[in-house]
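Descriptive structure summary
Listed here are the chains, written in short residue letters.
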Amino acid sequence: MTGVRNGGDLVVETLEALGAKTVFGIPGQHALGLFDAMGRGNLHFVSSRVENNSAFAADGYSRATGEVGVLFLSTGPGALTSLAGLQEAYATGVPMVVVASQIPLEGLGARRKGMLHQLDDQKASAANVTKSQRLIQHASGIPSAIQDAWTEAISSPQGPVWIEVPQNVLLDPIMVPPVEDALAEAADNPPRVELVREAAKWLSEAKRPAIIAGGGTRRGHAEKSLLSLAEKLRAPVICTPGGNGAFPWNHELSLQSWIEDQYMTELLEDADVLIVIGSSLGEVTSNYFTFEPRGRIIQIDAEPRVLESNRPGLGIRADAGQALAALDEALAAAPADARPDWHGSTPETLVKDTLAKVKARLESQDLAKELKFMADIREAVPAQMQTFWDMTISAYWAWSCWDAREGQFHSAQGAGGLGFGFPAAIGGAVGLETTGKPGGSARVLAVSGDGSAMYSISELATAKQHNVPVTWLIVDDGGYGILREYMVGAFGKATATELARPDFVKLAEAFGVPAVRVAPEDVGDALKAGFAADGPNVVVVETLLKMFAPTHLDV
């Protein structure tokens, strides 16, 4: 059948027409039609070693570039293995198109024919972690289905969309002509006029306005409007971990990202009007549900299920960028009597004093090593470099203390699964190279613990095979460090948190990837050397980091 166009060609042609350049995934028996067709097309394929890591890589590609991540999966075990990675993309609102193969058409339905990889309803397995699921049953429906899926993926709230195509639909010869064009435009998601007018009224009367900028602020490209609105209102702004980078870190109104500190919780509770953008006021943002606001809340989110999910307020269902632009325009000029009064303090003084209190609290604890370690990483990382953080103690510090500068901060806090950092960084670096970033700027940093590193250690082969410019920092404390700390704090001892330590340096070198082990105080120099090198490299630091004391608990 070589040279004969099939359903796989329609998939590849449509994706190319929509602007796709790179695909992540792993070949599989039922998906061979896809891979055969890629050989006749122009898509660049990056083969991971585990499907979950392929999903993380497509996610990282999208986050780094702003484009749609594309993932190819095989049937059954391959498709199911991707689901934890897709949960992160779904929770964080990352636009992806997932194309999974399926058993032949005659095997679909309630009958159990004993076909390889057969599931009762494969797409139902993806229902919890994707915006929608489609089964394509005839080749002529492929272009329109993929175009619709792409449109849905980029429409706010953005997210992954699942398509599956049976093996015979991918393989059988087709009469459908080559795809010449495909158009996908994000559906408009503006705010309702009366809601903007009411929100503007509240803000024009506010004496103590404050703003929480969540991940939706970044996804909606609302940074410019956020800055304008904050300066008009002279409103303090705090960023959630997902919103990190949405507001200038050193701005006089910036509370940075110390969202888990009680001093910040108290300040936000005292606001008479609180604008919450692209955040559910969930577990971390609410300082573990201790947040008890006394003022009114204006909540803006593209996902209607988020609105008022934790606190009553004026819910505005809209894309964050469109909503903030409309609100900024409604407050065309600062109200004539806009003199915020935080009980005799100006907001600028309040911000400065609150940050000083947080700093003093941290310095009162035995955290000199941790503070220096994070500062050394930040000093070593170029201002424009994008960073990808796994669920590890270094990342939990970074949620609060990382100044993204001109780069972007990406973490797995959406779903909170392990193994995100390295494969997502591979996808991000591939994306930056693919979209033509000038030399050097495609390099990214991944940060993992030893526990999370083992989830994605096989992707060293992927990084080496494609010579991906990623530097991987592994902070090795010999176990699941944060769980160890939680259990000791709660029960006085830890159980099942200790892990046998592989030699990560030798392991990386076995893949042909340069690696070095350094003391914590030398991490900055080691990272700088890694950033100056070609291709992938690994920096290992064996140290036990502690978290700052939680302020939502009575201790």
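Structure's up top.
These notes cover the structure that comes with them. (Residues numbered from 1 in each chain as written. Predicted model: local features only at pLDDT ≥ 70, side-chain atom pairs only at ≥ 80, totals over all residues. Heavy atoms only, no water.)

To continue, consider the pattern of salt bridges. Going through the model one piece at a time under the given rule, you end up with 27 salt bridges. Put simply, aspartate 328 and lysine 232 hold a salt bridge, and the shortest N to O gap is 2.9 Å. Of this pair, aspartate 328 sits in helix H13 (residues 320-330) while lysine 232 sits in helix H11 (residues 223-233), and the two are 96 residues apart along the sequence. The same class applies to aspartate 328 and to lysine 232, which are both buried. (Salt bridge = Lys/Arg side-chain N within 4 Å of Asp/Glu carboxyl O. Helix = DSSP H or I, 4+ residues; strand = E, 2+ residues; numbered from the N terminus. Buried < 20%, exposed > 50% of the residue type's maximum accessible area, 1.4 Å probe, protein only.)

A separate point is the environment of alanine 210. Inspection of the secondary structure assignment puts alanine 210 in strand E7 (residues 209-213). Judged by its relative accessible area of 0%, alanine 210 is buried. For the pair alanine 210 and leucine 233, spaced 23 residues apart in the sequence, the C-alpha separation amounts to 8.6 Å.

By secondary structure assignment, the location of serine 132 is in the loop between helix H6 (122-125) and strand E5 (133-135). According to the relative accessible area criterion, serine 132 is buried, its value standing at 15%. Setting aside residues up to four positions removed in sequence, serine 132 forms contacts with Glu152, Pro160, Val161 and Trp162. (Contact = heavy atoms within 4.5 Å.)

So, about the packing of aromatic side chains. Enumeration according to the criterion identifies 11 aromatic pairs in this entry. Summarising the aromatic geometry, the rings of phenylalanine 388 and phenylalanine 420 are spaced 6.5 Å apart at their centres and angled 40° between planes, so their arrangement reads as tilted. With phenylalanine 388 in strand E12 (residues 387-389) and phenylalanine 420 in the loop between strand E13 (409-411) and helix H17 (421-434), this residue pair connects regions lying 32 residues apart in the sequence. Where tryptophan 389 meets phenylalanine 409, the ring centres are 5.9 Å apart and the plane angle is 35°; that geometry is what we call tilted. Of this pair, tryptophan 389 sits in strand E12 while phenylalanine 409 sits in strand E13, and the two are 20 residues apart along the sequence. Assigned by exposure class, tryptophan 389 and phenylalanine 409 land together as buried. The side chain of arginine 296 reaches across the aromatic face of tryptophan 202, ending 4.2 Å from its centre. (Phe/Tyr/Trp six-rings, centres within 6.5 Å; stacked < 30°, edge-to-face > 60°. Lys NZ or Arg CZ within 6 Å of the ring centre and 35° of its normal.)

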